[in-house]
Amino acid sequence: MQANAVVFTAPNTVEYRPITCPDPGLKDAVVRVTHSWISNGTEGSFLRGERIAGDTPYQAGDPWPFPIVAGYQKIGVVEWVGAEITDLTVGETVFAALGKVEEMFSPWGGQVSHSVSPRDQIWKLPAGGDPLAYAGLVLTQVGYNCGIRAGIGIGEGAVVIGDGMVGQWAAQTLARRGAS
């Protein structure tokens, strides 16, 4: 399947260009992206070549993480639904995380015109909401990721440094997990 995407092709080099996505499978949906926020922290570090995956920093000797489709979250309209998906319909507005891409350093990407996304990476959104406001859910997920990945048990203490929304969601996630 052909799509267009924001592609980092080298350190500090960005192109908007055609890419190839795999054909969608039985458990995938195709989402036409309408809104996307780029995370300054995550995308900035990939653009500068400072990381090669998720939280994995680039180290001398690692392969350069290029080309790579920037981003990992977007808002869009469902345009196609795989046969094994029973709870999404064409025309629904959704929040989608990772989408599948081909011929890139990573097989996942975000800022792509038509995202082939697994069902477990898609969340339904209330009808009638502002898609631009929903695109800000990226901040929620970053805070959630910080809180869920910490190796902390029930009753253990946690300190969150950061007074913004990401810090707030990280603290709430840690509290929900039982941290004090």
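Residues numbered from 1 in each chain as written. Predicted model: local features only at pLDDT ≥ 70, side-chain atom pairs only at ≥ 80, totals over all residues. Heavy atoms only, no water.

Draft legend 1. Just the overall build of the protein, in detail. From N to C terminus, the protein includes four helices and twelve strands. Expressed as lengths along the three principal axes of its C-alpha atoms, the size of the protein is roughly 50 × 45 × 30 Å. Across the 180 residues that make up the protein, the buried fraction comes to 39%. Intrachain contacts of the protein at a sequence separation of at least 6 include 67% that bridge at least 24 residues. Accessible surface for the protein amounts to roughly 9500 Å². Of this, 57% is attributable to carbon and sulfur atoms. Counting 12 positive and 17 negative side-chain charges, the protein places the averaged centre of each group 4 Å from the other. (Helix = DSSP H or I, 4+ residues; strand = E, 2+ residues; numbered from the N terminus. Buried < 20%, exposed > 50% of the residue type's maximum accessible area, 1.4 Å probe, protein only. Contact = heavy atoms within 4.5 Å. Areas by Shrake-Rupley, 256 points an atom, 1.4 Å probe, with all protein chains shown as cover. Lys, Arg positive; Asp, Glu negative; His and termini not counted. Charge placed at Lys NZ, Arg CZ, Asp CG, Glu CD.)

Draft legend 2. Local environment of the confidence of the model for the protein. When the pLDDT values of the protein are averaged, the result is 90; 99% of them are 70 or greater. Here helix α3 (residues 137–149) stands out as the element of the protein with the lowest mean pLDDT, 80, in contrast to strand β2 (residues 13–20), whose mean of 97 is the highest. (pLDDT = per-residue confidence, 0-100.)

Draft legend 3. The packing of aromatic side chains, seen in detail. If you walk through the whole model with that rule in mind, you get three aromatic pairs. Their ring planes at 55° and their centres at 5.8 Å tell us that Phe 95 and Trp 123 sit as a pair that is tilted. On the criterion of sequence distance, the pair formed by Phe 95 in strand β8 (residues 93–96) and Trp 123 in strand β12 (residues 122–124) is long-range, its members being 28 residues apart. Residue classification places Trp 123 among the partly exposed positions, given a relative accessible area of 40%. What links up through ring pairs into an aromatic cluster is the set Tyr 58, Trp 64 and Phe 66. (Phe/Tyr/Trp six-rings, centres within 6.5 Å; stacked < 30°, edge-to-face > 60°.)

Draft legend 4. Highlighting the side chain of Ser 45. Note on placement: Ser 45 falls in helix α1 (residues 40–47). Apart from the residues lying within four places of it in its own chain, the contact partners of Ser 45 are Asn 40, Glu 50 and Arg 51.

Draft legend 5. Region of interest: helix α4 (residues 165–176). With twelve residues, α4 should cover 16 Å at 1.5 Å per step; its first-to-last C-alpha distance of 16 Å lies within 8% of that length. Considered for burial, the residues of α4 that qualify are Gly 167, Ala 170, Thr 173 and Leu 174. Along α4, the residues classed as buried sweep out an arc of 125° about the axis, all on the same side. Those residues of α4 hidden inside the fold are in contact with α3. Just downstream of α4 lies Gly 178, where phi reads positive at about 105°. (Expected span 1.5 Å × (residues − 1). Arc of directions from axis to C-beta.)

Draft legend 6. The arrangement of the pattern of salt bridges in detail. If you walk through the whole model with that rule in mind, you get seven salt bridges. Of the charged contacts in the structure, one is a salt bridge between Glu 50 and Arg 48, with a shortest N-O distance of 2.8 Å. By relative accessible area, which is 41% here, Arg 48 ends up partly exposed. Two residues, Glu 92 and Lys 124, come together in a salt bridge whose shortest N-O distance is 3.5 Å. Of this pair, Glu 92 sits in the loop between β7 (74–81) and β8 while Lys 124 sits in strand β12; the two residues are 32 residues apart in sequence, bridging distant segments of the chain. (Salt bridge = Lys/Arg side-chain N within 4 Å of Asp/Glu carboxyl O.)

Draft legend 7. Structural detail: the packing of α3 against α4. Their axes nearest at 7 Å, the elements α3 and α4 cross at an angle of 45°. In terms of their interaxial angle, α3 and α4 are classed as oblique. In this structure, the crossing between α3 and α4 has a hand that is right-handed. Between α3 and α4, the contacting residues are Leu 139, Thr 140, Val 142, Gly 143, Tyr 144, Cys 146, Gly 147 and Ile 148 on the first element and Val 166, Trp 169, Ala 170, Thr 173 and Leu 174 on the second. Residues of the contact of α3 with α4, tallied by class, amount to nine nonpolar, four polar and no charged. (Axes fitted to C-alpha atoms, helices over the stretch in contact; angles between N-to-C directions. Parallel < 35°, antiparallel > 145°, perpendicular 65-115°, else oblique. Left-handed = near helix turned anticlockwise from the far one by under 90°. Nonpolar A, V, L, I, M, F, W, Y, C, P; charged D, E, K, R; others polar.)

Draft legend 8. Here's a closer look at the pairing of β8. Here β7 runs beside β8; their pairing, made up of four bridges, is antiparallel. By the bridge assignment, Gly 76 is partnered in β8 with Val 94. (Pairing = 2+ DSSP bridges.)

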